[in-house]
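Letter by letter, the chains look like this.
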Amino acid sequence: ASCRKEGGETAPTSAYSSPARSLGDTGITPLSPSHIVNDTDPNVSEQQTFLVVVAIDFGTTSSGYAYSFTKEPECIHVMRRWEGGDPGVSNQKTPTTILLTPERKFHSFGYAARDFYHDLDPNEAKQWLYLEKFKMKLHTTGDLTMDTELTAANGKKVKALEIFAYALQYFKEQALKELSDQAGSEFENSDVRWVITVPAIWKQPAKQFMRQAAYQAGLASPENSEQLIIALEPEAASIYCRKLRLHQMTDLSSKAAVNGYSSSDTVGAGFAQAKEHIRRNRQSRTFLVENVIGEIWSELEEGDKYVVVDSGGGTVDLTVHQIRLPEGHLKELYKATGGPYGSLGVDYEFEKLLCKIFGEDFIEQFKIKRPAAWVDLMIAFESRKRAAAPDRTNPLNITLPFSFIDYYKKFRGHSVEHALRKSNVDFVKWSSQGMLRMSPDAMNALFKPTIDSIIEHLRDLFQKPEVSTVKFLFLVGGFAEAPLLQQAVQAAFGDKCRVIIPQDVGLTILKGAVLFGLDPAVIKVRRSPLTYGVGVLNRYVEGKHPPEKLLVKDGTRWCTDVFDKFISADQSVALGELVKRSYTPAKPSQLVIVINIYSSELDDVSFITDPGVKKCGTLRLDLTGASSTNVPARREIQTLMQFGDTEIKATAIDIATSKSVKVGIDFLNY
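Since the structure is predicted, the reported quantities are computational estimates derived from the model, not experimental observations.

Student: How should I be thinking about the overall build of the protein chain in this particular structure?
Tutor: Broken down by element type, the protein chain carries 17 helices and 33 strands. A burial count over the protein chain gives 55% of its 670 residues as buried. For the protein chain, the proportion of contacts with a sequence separation of at least 24, taken over those separated by at least 6, is 73%. Accessible surface, the protein chain as shown: approximately 28,400 Å² in total, 51% of it carbon and sulfur.

What follows is the structure, encoded as structure tokens:
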């Protein structure tokens, strides 16, 4: 086989030692010519039948589920109201908080967990494990494994996988209970197709982690992996936005706008209308999704592009989609980008402000010593945060918990009032009713860094040639409810495209995820987030290959550690697409063939020892004992990779004996 390395570039001398050499395995070499076959696997089409689709939106700050019976797919039901909602925060979701007993057994989730924890005696509370906003850990951990730990409010560590599994198990039980009550008969888990949403910008290990947690929670199993779909949040939002009719959204750039920017009063009126609509619809938990392509959509032609900006509690995800008619399938045009710019950033700024006023040492201590009161303070802030608006003139009051005032006096020897006076943070005052009084400017300042990051990120995106002709920008996700963010996006991009906000914006993803579960084929083309390939040996070419890669075996000179590419990062991949390559053992008599699969975030990879290349799978094909009659001198081993929802499966087949081995790509255990 000739050496199929593109171009004559030599790799820089690698600081890494060669894995192939240390393993002493003889390896495989490409059979030329190699080919790609884009046939979709015939087995994919045979769908299991499920009675109901349940989607879980496992959010950073709040979570919820919704479902639809496959018999009546136009009705999407959002979960029943949960006990213990907050004043000033009305929605169908529950906070993503979980409480474990001192023995580390699951106790409660959501409002129930929060309220129970809050009512515990402070000394007892220190023994209990309370966790909130823990989903971000999956985004921020560089080397996520099954053993990654989370820290509870009392400082104790606990395995992340357990917490995620507990939470998913809780949702599973709640949903099955609600379904059984509604149907009047016992609903089994096997009747349900589950959909869990994750941010598109999560790296592969985090997406796989979610799947593992779901298996542990009993939603599905590795043998029956089709029962669970991992959906990308902005994709789900996108699917829902396609169905919207005009009365179901607020169009910030109303047609009568002057020079593409509407005066603030029309925007204001739009919000008022939307609020009224939400108020009226709050009682109803069932949403009718008309089986039409919505009006907005009828304005879109084949090839039109739109951006979905999904801004949640932890992350902001930007995805660019393009319509493909007639069915209105979606094609992802630009690899999902974004970052940790969710509404948590605003909470973080508030915490920084408190540190500035009361001292970082006090705030750190208070969080550890009075964890429940700290949670209370953040809840009070959350409801005021939702009252922030661009045109607000009256101050926002945040109640300080009594134990904050009390503990501060013990800690510092002077009052909270005194601290505020001498902190010269002039826009935060103390009110006689025991509240922090913030001017609207002070509140807006807390939003600024996060909103600036989002706008900045969008600006970068709009510079890309693929994105220059975008017609619509859909603003979705919980943080999209913030008028400050809406106004900033409209001001920055209103002249480039129409900015549109679905009215029950916090539930957009949940409803889209249900639609996706009912018809997973709606998303046809994705961009591969990584480059995938296998490690091979090529014939050594003097002057072209680096000398340290030379390996001489039985008189043949090989170049070792070559990365043979299956698919490049950012390449379009159709769902279910198969990519095939053929290899042959470098040593004909070899009976155990080991194929190692590698991935990299970079496009341009030459050797498996290049920086950033990670091993993510091994196919071990054992041909001992396979009948050796009619085996050609150069045995053909065909390797296939199939790209599924967030899973990739690889298979190796010995063509002569049709012996095969299968493996799922694994980002957590290597």
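Student: For this particular structure, what's the right way to read the packing of aromatic side chains?
Tutor: Aromatic rings in a pair are described by how distant their centres are and how their planes are angled relative to each other. This structure, assessed with the given rule, holds 30 aromatic pairs. Between the aromatic rings of Phe116 and Trp128, the centroid separation amounts to 5.2 Å while the plane-to-plane angle is 50 degrees, which identifies the pairing as tilted. On the criterion of sequence distance, the pair formed by Phe116 in helix α2 (residues 111-119) and Trp128 in the loop between α3 (122-125) and β8 (129-132) is long-range, its members being 12 residues apart. Among the residues examined, Trp128 registers a relative accessible area of 9% and is labelled buried. With a centroid separation of 4.0 Å and an interplanar angle of 0 degrees, the aromatic rings of Phe350 and Phe381 are classed as stacked. Of this pair, Phe350 sits in helix α10 (residues 344-358) while Phe381 sits in helix α12 (residues 371-385), and the two are 31 residues apart along the sequence.

Student: Can you help me understand the pairing of strand β2 (residues 52-57) in this one?
Tutor: Side-chain positions along a regular strand alternate between the two faces of the sheet. Counting buried residues along β2, 6 of its 6 residues qualify, which places the element largely inside the surrounding structure. Hairpin connection between β2 and strand β3 (residues 62-69): a loop of 4 residues separates the two successive antiparallel strands.

Student: What exactly am I supposed to notice about helix α11 (residues 360-369) here?
Tutor: Listing the buried residues of α11 in full gives Phe362, Ile363 and Phe366. Seen along its axis, α11 keeps its buried residues to an arc of 95 degrees; they face one direction. In this fold, the buried residues of α11 make contact with α10, α12 and α13 (402-412).

Student: Which parts of the structure should I look at to understand the sheet that holds strand β31 (residues 637-643)?
Tutor: The pairing of strands in a sheet comes from backbone hydrogen bonds and takes either a parallel or an antiparallel form. Pairing in this open sheet of 5 strands is antiparallel, and the strands run β1-β28-β31-β32-β33 from one edge to the other. Edge strands, defined here as strands with exactly one partner in the open sheet, are β1 (28-30) and β33 (659-664). Averaged over all neighbouring strand pairs, the angle between strand axes comes to 30 degrees, with direction disregarded. Looking at chain direction, β1 and strand β28 (residues 578-585) are connected through 3 bridges and run antiparallel. Its bridge partner being in β28, Pro30 is matched across the sheet by Tyr583.

Student: Would you explain unusual backbone geometry in this entry?
Tutor: Peptide bonds are trans in most cases, and residues, glycine excluded, mostly fall at negative phi. Non-glycine residue Arg104 carries a positive phi angle of around 70 degrees. Position of Arg104 among the secondary structure elements: in the loop between β6 (97-100) and β7 (106-109). Assessed through its relative accessible area of 35%, Arg104 is described here as partly exposed. In this structure, Ser658 takes a positive phi of about 50 degrees despite not being glycine. With respect to the helices, strands and loops of the structure, Ser658 is situated in the loop between β32 (648-654) and β33. Here Ser658 falls in the exposed class, since its relative accessible area comes to 57%.

Student: Can you walk me through the sheet that holds strand β25 (residues 550-553) in this structure?
Tutor: Pairing in this open sheet of 5 strands is antiparallel, and the strands run β25-β26-β24-β29-β30 from one edge to the other. The sheet terminates laterally at β25 and β30 (614-622), the two strands that pair on one side only. Adjacent strand axes in the sheet meet at a mean angle of 35 degrees, parallel and antiparallel pairs treated alike. Direction of pairing for strand β24 (residues 531-539) relative to strand β29 (residues 592-600): antiparallel, over a ladder of 4 bridges. Note on β29: the bridge partner recorded for Tyr532 is Ser599.

Student: Looking at this structure, how should I read the side chain of Thr29?
Tutor: In this structure, Thr29 sits in strand β1. Overall, Thr29 belongs to the buried group, its relative accessible area being 4%. Among the polar contacts made by the side chain of Thr29, one reaches the main-chain carbonyl oxygen of Leu537 at a distance of 2.8 Å.

Student: Can you help me understand the environment of Val489 in this one?
Tutor: Among the structural elements, Val489 can be located in helix α16 (residues 483-493). The exposure class assigned to Val489 is buried, which follows from its relative accessible area of 0%. Remark: the alpha-carbon pair of Val489 and Leu473, spanning 16 residues in sequence, is separated by 9.2 Å.

Student: Is there a simple way to explain the packing of α10 against helix α15 (residues 440-463) in this structure?
Tutor: Helix-helix packing: each pair is described by the crossing angle between the helix axes and the interaxial distance. The contact between α10 and α15 brings their axes to 8 Å, and the two run at 135 degrees. Between α10 and α15, the crossing angle belongs to the class labelled oblique. Crossing of α10 against α15: the hand is right-handed. Across from Gly345, Val346, Glu349, Phe350 and Leu353 in α10, the residues of α15 making contact are Leu446, Phe447, Pro449 and Thr450. Class assignment for the residues of the contact of α10 with α15 results in 6 nonpolar, 2 polar and 1 charged.

Student: What am I meant to see in the environment of Val661 here?
Tutor: Checked against the element boundaries, Val661 lands in strand β33. The sequence separation of Val661 and Leu619 amounts to 42 residues, and the corresponding C-alpha distance is 6.7 Å.

Thresholds applied
Counting from 1, residues in each chain are numbered in the order their sequence is written. Residue-level local features of this predicted model are given only where pLDDT is at least 70; pairs of side-chain atoms are given and counted only at 80 or more, and the full residue set underlies all totals for whole chains, interfaces and linings. With hydrogens and water excluded, all non-hydrogen atoms of the structure serve as input to the side-chain values. Numbered from the N terminus, helices here are DSSP runs of H or I no shorter than four residues, and strands are runs of E no shorter than two. Each residue is assigned to one of three classes by its accessible area relative to the maximum for its type, calculated with a 1.4 Å probe on protein chains only: buried under 20%, partly exposed between the two thresholds, exposed over 50%. In this description, contact between two residues means that some pair of their heavy atoms is separated by no more than 4.5 Å. Residue burial considers only the protein chains on display, and all accessible areas are found by Shrake-Rupley using a 1.4 Å probe. Stacked, tilted and edge-to-face are the three classes assigned to paired rings of Phe, Tyr and Trp, where Trp is represented by its six-membered ring and a pair needs centres within 6.5 Å; plane angles under 30 degrees give stacked, over 60 edge-to-face, the rest tilted. Paired strands, in this sense, are two strands between which DSSP finds at least two bridges. Along the arc lie the directions from the helix axis toward the C-beta atoms. For every element, the axis is a line fit to its C-alpha atoms; helices are fit only across the contacting stretch, and the angle between N-to-C directions ranges from 0 to 180 degrees. Side-chain atoms alone can form a polar contact between residues adjacent in sequence; in general such a contact is a pair of N or O atoms within 3.5 Å, and within protein one must be able to donate a hydrogen while the other accepts it. When an angle is under 35 degrees it counts as roughly parallel; over 145 it counts as roughly antiparallel; between 65 and 115 it counts as roughly perpendicular; any other value is oblique. Left-handed describes a crossing whose near helix is turned anticlockwise from the far helix by less than a right angle; the clockwise case is right-handed. The nonpolar class holds Ala, Val, Leu, Ile, Met, Phe, Trp, Tyr, Cys and Pro. Asp, Glu, Lys and Arg form the charged class, and all remaining residues, Gly among them, are polar.

By themselves these figures say nothing about function.
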